[in-house]
Amino acid sequence: MNNHAIELTTRDGSQFRFNCTDDQNLLAAAADAQIVLPAQCGYGNCGTCYADVTQGDYTLGKHNPAALSLEDKQKGGALLCCTFPQSDLHISLPFDHDRVLIGEIKIRSAEIIAIKTVGENTLRLELCLAPDENGGNGAEFEPGQFMELEVPGQDIKRAYSLSNTGNWEGKLEFLIRLQPGGLFSNWLKEQAAVGQMLLVHGPKGSFGLYESGLKPRWFVAGGTGLAPMLSMLRRMAEFQEPHPARLYFGVNRAEELFCQAELTALQTELPQLQVIYCLWKPEDNWDEFCGTPVDALTQDLMSTTVMPDIYLCGPPKLIDAAETTARAHGVPDNQILSERFLPA
Ligand SMILES: Cc1cc2nc3c(=O)[nH]c(=O)nc-3n(C[C@H](O)[C@H](O)[C@H](O)COP(=O)(O)OP(=O)(O)OC[C@H]3O[C@@H](n4cnc5c(N)ncnc54)[C@H](O)[C@@H]3O)c2cc1C
């Protein structure tokens, strides 16, 4: 068995080193060395552990093509949970060092404090964390991150992005699309109730605001892909960040829209925020954008002179289409940040 030296460099230049044998995947070997990298499914399905191999040889194991595009694969893109080294490797991580956890993922207990239908098949779930082992109540996470929620009494965890921002009261807020026949969705619809406790794992994930000067920030959300965008925009409002900001928020039909009141409130706190609601199948009386958020993005990219940082979240097909149009209009790869909502 050969042992290989692995060197990881984060976007802000920090380095982490560990060893990995050629039958071990990089994510597991890093975790054995107490280096916990952003990841979710652990078997090549979700794309959360994406990184670029800049030097060395490796084998990629079985993975979902929706989680790693051919284009990314050809330029050295890999999913760390199914990457096996064949030599020493240098790897570039597409996030800053603060997303790397030294130790173990936190698991905490949380109480359901509200469940509210906000749109067709979409709920807002609000939780309050129970105090941790040191008596701390705080919900510490970065905007854009997600948690895994565990169905009480069952060994089932599902990833959901946080839509609020970190706070000392322990509040966690999620926007959840009820998936037909989904295990977590069914539990939420039929059994979950205010006062019930569940376990939350995290925070996890590397999606989030990219500090790159004062470039405009354009956020493209499909359905509940709005959740991490709301979190990032709320953080921008809290910190009064001056970046020009635009949110393209798309669903199929008007009944599926949600969080308009929250977005209007955000616009008073963040006056430079433009919200473009996009309906793919509008009724005759719809007077905002007709088409997908990717259509609206494409239209605006044609007339922009400053390349914005682009944040994408939602179904994989929407992300792929948005990445393609952004690249075609000259947006550099490091200004395109995405989170794919893939099924567990
Ligand atoms: C990092 C990350 C963050 C996420 N954040 C959110 C979020 O904030 N809000 C949110 O609503 N979802 C989010 N998702 C997606 C969510 O985790 C999945 O949809 C999850 O599988 C739903 O669990 P379930 O138990 O209800 O359905 P499952 O039991 O997992 O699935 C049951 C059936 O529904 C189908 N299905 C499930 N999810 C999807 C989907 N997304 N698209 C198409 N078909 C699906 C499955 O193929 C299966 O047939 C996120 C996913 C990831 C990877």
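Residues numbered from 1 in each chain as written. Predicted model: local features only at pLDDT ≥ 70, side-chain atom pairs only at ≥ 80, totals over all residues.

*Asks:* What's the story with the overall build of the protein chain in this structure? I'm lost.
*Replies:* Of regular secondary structure, the protein chain possesses seven helices and 21 strands. Computed over the C-alpha atoms, the radius of gyration of the protein chain is 20 Å, within 12% of the 20 Å expected from 2.2 N^0.38 for a compact globule of 344 residues. Across its three principal directions, the C-alpha atoms of the protein chain cover 65 × 50 × 40 Å. Considering the protein chain as a whole, with its 344 residues, one finds that 40% of them fall into the buried category. (Helix = DSSP H or I, 4+ residues; strand = E, 2+ residues; numbered from the N terminus. Rg over C-alpha atoms; globule rule 2.2 N^0.38 Å. Buried ≥ 20, exposed ≤ 12 C-beta atoms within 10 Å, placed from the backbone.)

*Asks:* Just checking my understanding: could you explain unusual backbone geometry for this structure?
*Replies:* With glycine set apart, most residues show a phi of negative sign, and most peptide bonds adopt trans. Cis peptide bonds are those with omega within 30 degrees of zero, and the linkage from Gly202 to Pro203 qualifies with 10°. Within the chain, Gln34 stands out as a residue other than glycine whose phi angle is a positive 65°. Summarising the element assignment, Gln34 is placed in the loop between helix H1 (26–32) and strand S3 (35–36). Overall, the presence of 11 C-beta atoms within 10 Å leaves Gln34 in the exposed class. Although it is not a glycine, Cys259 adopts a positive phi angle of roughly 65°. Structurally, Cys259 is set in the loop between strand S17 (245–251) and helix H5 (260–269).

*Asks:* Even after reading the chapter, I still don't get the packing of helix H6 (residues 293–303) against helix H7 (residues 316–328), so can you show me in this structure?
*Replies:* Look at H6 against H7: their axes get within 10 Å of each other, and the N-to-C directions meet at 10°. When the axes of H6 and H7 are compared, the pair comes out roughly parallel. Where H6 abuts H7, its residues Val294, Leu297, Thr298 and Leu301 lie against Leu318, Ala321, Ala322, Thr325 and Ala326. Here the residues of the contact of H6 with H7 are counted per class, giving seven nonpolar, two polar and no charged. (Axes fitted to C-alpha atoms, helices over the stretch in contact; angles between N-to-C directions. Parallel < 35°, antiparallel > 145°, perpendicular 65-115°, else oblique. Contact = placed C-beta atoms within 7 Å. Nonpolar A, V, L, I, M, F, W, Y, C, P; charged D, E, K, R; others polar.)

*Asks:* What exactly am I supposed to notice about the site of the ligand here?
*Replies:* By nearness alone, 26 residues border the ligand, and Arg177, Gly182, Phe184, Ser185 and Pro343 come closest of all. Elements that contribute at least two residues to the shell around the ligand include exactly strand S13 (157–161), strand S14 (171–177) and helix H3 (183–190). Taken together, the residues of the shell around the ligand sort by class into 14 nonpolar, nine polar and three charged. (Near = placed C-beta within 6 Å.)

*Asks:* How should I be thinking about the sheet that holds strand S6 (residues 77–79) in this particular structure?
*Replies:* Working definition: the strands of a sheet are paired by backbone hydrogen bonds and lie parallel or antiparallel to each other. The sheet built from five strands is open, its strands ordered S2-S1-S8-S4-S6 with mixed pairing. Two strands lie at the open edges of the sheet, namely strand S2 (15–21) and S6, each paired on one side alone. Going from strand to strand, the sheet's axes swing by 35° on average, the running direction of each strand aside. As judged from the four bridges shared by strand S1 (residues 3–9) and strand S8 (residues 89–92), these two strands associate in the parallel manner. When the bridges of S8 are listed, Ile6 appears paired with Leu89. (Pairing = 2+ DSSP bridges.)

*Asks:* I tried to follow the nonpolar core on my own but got confused; where do I start?
*Replies:* Note that soluble globular proteins tend to have their nonpolar side chains buried in a common cluster. Val220 and Met229 are the most contacted members of the largest nonpolar core, which totals 60 residues. Counting contributing residues per domain, this core is built from domain 2 (105–204) and domain 3 (217–340), each supplying no fewer than three. Beyond its immediate stretch of four places on either side in the chain, Val220 contacts Tyr248, Pro293, Leu297, Ile310, Tyr311, Leu312 and Ala322. Residues Ile6, Ala29, Cys49 and Leu89 belong to the second largest nonpolar core, which totals 26 residues. (Core = buried A, V, L, I, M, F, W, Y, C linked by C-beta atoms within 7 Å. Domains from an automatic or database assignment.)

*Asks:* Help me understand the domain arrangement of the protein chain in this model?
*Replies:* Domain parsing of the protein chain yields domain 1 (3–99), domain 2 (105–204) and domain 3 (217–340). A C-alpha centroid distance of 24 Å is found between domain 2 and domain 3. Contact residues are listed per partner, giving 15 residues for domain 2 and 16 residues for domain 3. For the side of domain 2 that touches domain 3, the secondary-structure elements that each account for two or more residues are strand S10 (107–119) and S14. Here the residues of the side of domain 2 that touches domain 3 are counted per class, giving six nonpolar, seven polar and two charged.

*Asks:* When you look at the sheet that holds strand S12 (residues 146–150) in this model, what are you seeing that I'm missing?
*Replies:* Here six strands make up an open sheet; going across it, the order is S13-S12-S15-S10-S11-S14 and the pairing antiparallel. A strand with exactly one partner marks an edge of an open sheet, and here the two such strands are S13 and S14. Here the strands of the sheet are splayed against their neighbours by 40° on average, with no regard to which way each runs. For strand S11 (residues 122–129) and S14, the ladder comprises seven bridges, and the chain directions are antiparallel. Across the sheet, the residue bridging to Leu125 is Phe174, located in S14.

*Asks:* Help me understand the pairing of S2 in this model?
*Replies:* Two elements, S1 and S2, share seven bridges in a ladder whose sense is antiparallel. Looking across to S2, one finds that Ala5 is bridged to Asn19. Hairpin connection, S1 to S2: the antiparallel pair is bridged by five residues, and Gly13 has positive phi, about 90°.

*Asks:* What is the right way to look at H7 in this model?
*Replies:* One turn of an α-helix holds 3.6 residues; hence residues three or four places apart share an orientation. Compared with an ideal rise of 1.5 Å per residue, which puts 13 residues at 18 Å, H7 spans 18 Å between its outermost C-alpha atoms and is within 8% of the ideal. Those residues of H7 that are buried are in contact with strand S16 (217–222), H6, strand S20 (309–314) and strand S21 (336–340). Gly330 occupies a position one or two residues after H7 and carries a positive phi of about 90°. (Expected span 1.5 Å × (residues − 1).)

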